[in-house]
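# Breakdown of the fold
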Amino acid sequence: MLKAEIFVYLKKSISDPPGIAVLNSLKSLGFNNVEKVRMGKYIVVYLNENDIEKAEEQVKLMCEKLLCNPVMEEYKFNISEE
Amino acid sequence: MKFGVVVFPGSNCDSDCFHVIKDVINEDVEYIWHDSDEKLTGFDCIILPGGFSYGDYLRAGAIARFSRVMPRIEEFAQNGGLVIGICNGFQILTESHLLPGALIRNKNLKFICSDQYVKVVNTNTPFTNLYKEGEVINLPIAHGEGNYVVDDETLKQMIQNQQIVLQYCDKYGNVNDETNPNGSILNIAGICNKEKNVFGLMPHPERSSEKILGCEDGKRVFLSIVNYLKSR
């Protein structure tokens, strides 16, 4: 069994309203050295698969097809044995 | 002349659209279930109505975009058929790349439900030909993810091709940050594709198509479609 941890986040050029709200809240709590906050998604996919290369290919396809919208988002992922 | 209203799990403005076509503008209309794989023959215009829940967990419209009916709608649009996506329908159209750009969370993070002045900036489309250029109309908006984003290069092309159809404004037609409810780039409320046969908008014209609802400014979207189809 392989575990793919996928991070989907907005492209740098896209403004991130939830990130800005969290930034303002952190500042109001006194964390004045926080400069920027970006919010994203953390998705875990478990694969009934032992071949890491094959899993990488599949996860890439999953991201490009459904999990990430390439118009506004980017992604990265780690695959490990569960 | 026949309209089709696609019903996704989570659609909640499907009946409103059906009612406007059938009882207000008196045209033929049929529901189309999202899981249908049947070829869309005999239809002149397909409506993707507003709604919630379907795919919102990931991104609005992201899962709906893979419904079995969607390849049929793409085929229909490629053959010149008219497709209009309202609110969630607009999100589905951008997710399926029938329209450029994407819709992200409103700038103020609030779900907005209010009347909104909108300027018709392009009347040279099958969906807006009965409005006057620059006319300010009043349409309801109800969305949490209506903040339209697009990369600079695509936006430049969209401006060149006159794909921006509606912009948020005030009652005098001023288009600026103060009259922008959700943070959309250039106050964009509605756009069309290059070929002008696919139209997506966040405001709900079907909810302002009858006097009894307080305003009928939205009715001319549907009458424009009929007008276009008749004169074709």
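Just so it is clear, the structure is predicted and the values come from calculations on it, not from any experiment. (Residues numbered from 1 in each chain as written. Chains lettered and ligands numbered in written order. Predicted model: local features only at pLDDT ≥ 70, side-chain atom pairs only at ≥ 80, totals over all residues. Heavy atoms only, no water.)

We now examine the nonpolar core. Ranked by internal contacts, the top residues of the largest apolar core, which has 64 residues, are B:Phe3, B:Ile46, B:Ile47, B:Ile73 and B:Ile84. Among all residues touching B:Ile73, those that are not within four sequence positions of it are B:Val6, B:Leu40, B:Ile46, B:Leu48, B:Val83 and B:Leu98. By size, the runner-up hydrophobic cluster in this structure holds 15 residues, among which are A:Leu2, A:Leu47, A:Cys63 and A:Cys68. (Core = buried A, V, L, I, M, F, W, Y, C linked by side-chain atoms within 4.5 Å. Buried < 20%, exposed > 50% of the residue type's maximum accessible area, 1.4 Å probe, protein only. Contact = heavy atoms within 4.5 Å.)

On to helix α5 (residues 219-231) of chain B, then. Residue and element names in this part refer to chain B. Between the first and last C-alpha of α5 there are 18 Å, a value that for 13 residues agrees with the 18 Å anticipated at 1.5 Å per step. Those residues of α5 lying buried are Val221, Phe222, Ser224, Ile225, Val226 and Leu229. Buried residues along α5 sit against β1 (2-7), α1 (14-24), β3 (45-48) and β4 (82-86). (Helix = DSSP H or I, 4+ residues; strand = E, 2+ residues; numbered from the N terminus. Expected span 1.5 Å × (residues − 1).)

Turning to the UniProt feature "active site" (unreviewed entry) in chain B, a few remarks are in order. Residues and elements named next belong to chain B. UniProt's entry tags Cys87, His204 and Glu206 with the feature "active site" (unreviewed entry), counted in the numbering of this structure. In terms of the greatest pairwise C-alpha distance, the residues named above, spread along 120 residues, form a tight cluster of at most 11.1 Å across. Note that His204 resides in the loop between β11 (198-201) and α5. With residues near it in sequence (within four places) discarded, His204 still touches Cys13, Gly50, Ile86, Cys87, Pro140 and Ala142. With respect to the element layout, Glu206 can be found in the loop between β11 and α5. At 2.8 Å, the side chain of Glu206 and the side chain of His204 are in polar contact. (UniProt positions renumbered as here; feature names shortened; annotations may be inferred. Polar contact = N/O pair within 3.5 Å; in protein donor to acceptor, adjacent residues only side chain to side chain.)

What the rule picks out here adds up to five aromatic pairs over all chains. Centre to centre, the rings of A:Tyr75 and A:Phe77 are 6.3 Å apart; their planes meet at 5°, and the pair counts as stacked. Judged by relative accessible area, A:Phe77 falls into the partly exposed class, the value being 22%. The ring of B:Phe43 has B:Lys2 sitting right over it, with the charged end atom 4.9 Å from the ring centre. Positioned over the ring face of B:Phe66 is B:Arg65, at 4.5 Å from the centre of the ring. (Phe/Tyr/Trp six-rings, centres within 6.5 Å; stacked < 30°, edge-to-face > 60°. Lys NZ or Arg CZ within 6 Å of the ring centre and 35° of its normal.)

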